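What follows is each chain in one-letter form.
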Amino acid sequence: MLVFALPILLVFLFVLERILYGRLWKRGLESDVRFSSTIVRSGEGVEISEKCVNNSFLPLTSLSLEWNLERQFSPFTVDGKPFSSSTLFSLPGRRMVEHRKEIGSLKRGIYTISGCRITTTDLFSLDEHSLTFSSSTSLHVLPQRREGFSSSYAYRGFLGTVDSTRMSADDPFAIKAIRPYVTTDSMKTINWKASAKTGKLKVNQYDWTTEESVQILLDLSEGSEEERERLIEYVSTFSSLLLSRGVNVSLRGNGRSAGNGKFIKVEKGSGRGHSLTLDLALSEIKISGSDGLPRPEIRDDRALPVLFSVSLNDMEREDFLLSSEGRIFLLKGKGGKDVFILEGDNE
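First, a word on what this report is: a plain description of the structure on this page. Treat the numbers as computed from the prediction; the structure is a model and nothing was measured. Every chain's residues receive numbers from 1 upward, in the order its sequence appears when written. With pLDDT at 70 or above as the cut-off, local features in this predicted model cover only qualifying residues; side-chain atom pairs require 80 or more to be listed or tallied, and sums for whole chains, interfaces and linings still use all residues. As a convention, hydrogens and water are excluded, and side-chain values are obtained from all of the structure's heavy atoms.

**Here we look at the sheet that holds strand 9 (residues 95-103)**
Being paired, for any two strands, means DSSP has found at least two bridges between them. The numbering of helices and of strands both runs from the N terminus, where a helix is a DSSP run of H or I of at least 4 residues and a strand a run of E of at least 2. Here we have three strands laid out as an open sheet, ordered 1-3-9, and antiparallel in their pairing. Unpaired on one side and paired on the other, strand 1 (29-35) and strand 9 mark the two borders of the sheet. The sheet shows a mean angle of 10 degrees between the axes of neighbouring strands, direction not considered. Sheet topology note: the strand 1/strand 3 (residues 46-54) ladder contains seven bridges and is antiparallel. By the bridge assignment, S31 is partnered in strand 3 with C52. For helices, the fitted line uses only the C-alpha atoms of the stretch in contact; every axis is such a line through C-alpha atoms, and the angle between N-to-C directions lies from 0 to 180 degrees.

Have a look at this one:
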């Protein structure tokens, strides 16, 4: 009798196991894939956390977690292939498992992980089950900073322009108007007497020569992709140096944002927080598609316009300098090193 009962029992347990796993395997199952940081600098790495939680009593003896890492405006590849991850592990009932993976030396851009997919089998590995989680996480990789730029002849020559404006900053007759304070205004422009009278913060509005404002115009219409990438890095460095000296900085460019497809634009601001705002905007620039586009136009006549470009013909250069009285940084390669030529510094 026992000889006949044992096979029947085994068949019953086998069928029961398949029914239970088929109906209950995904109940209480959670999964999430996240970057350890939302912002890093180009050339740095980042950790990616893989987390799975099994809130049910059923053990998942063989589980695969898969996800893809994508770059918004150009493919992210490893050895010429799109990057994807697949992790195999087991997940007992009422347990959580977390793995960490490190990806190094990332290039400028926006990276996203749009959800993940879990695949598992029952105890006998006969039936395969899968479940997709649609959570999303993103990472901004900011432009790399060019340390040698601060000691370059072109930048040191430009500092003469900024320092000369400071000499006239204390002239009381240079105040053009008094207006309400906004969060991007520097504290030193606050008119305390007018603020006390009105009960609200008021700031002095100066002519561009005394307000110490610079509008950066980023021209990506010409040059190789590597040259334009380096130009973005120099703009990031230049803006950071100016902000550290208390100069207000705005940005216009003819590169489009990978996020909304519009030309890059950052309004005037100051301080460390504004440096991050500028870098975030620069991280979104899509270089492809900028070939031959018109150069960015000056939008703030109170700020000193500074054009960053790889190539300008004589007519374009003279037209810009005569119409704006601005400055031009031209990126040139020399002996494997970058050299900037500063034009318009006639003081």
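On we go from here.
**Comments concerning the nonpolar core**
F149, V214, L218, F238, F308, F329 and F340 are the most contacted members of the largest nonpolar core, which has 34 residues in total. Elements with a minimum of two residues in this core: helix 2 (153-167), strand 14 (213-218), helix 5 (225-244), strand 15 (248-257), strand 16 (263-269), helix 6 (272-283), strand 18 (304-309) and strand 19 (327-334). A total of eight residues in this core trace back to one element, the largest contributor, which is helix 5. The contact rule is simple, with two residues in contact once any of their heavy atoms fall within 4.5 Å. Residues contacting F340, with those up to four places away along its chain left out, are F149, A154, L231, Y234, F308, F329, L330 and L331. In plain words, nonpolar cores are sets of buried Ala, Val, Leu, Ile, Met, Phe, Trp, Tyr and Cys residues tied together by side-chain atoms within 4.5 Å. Throughout this description, buried means an accessible area under 20% of the type-specific maximum (1.4 Å probe, protein chains only), exposed means over 50%, and partly exposed covers the range between. Listed in part, the 30 residues of the second largest apolar core include L58, L63, L69 and Y111.

Geometry only, nothing functional implied.
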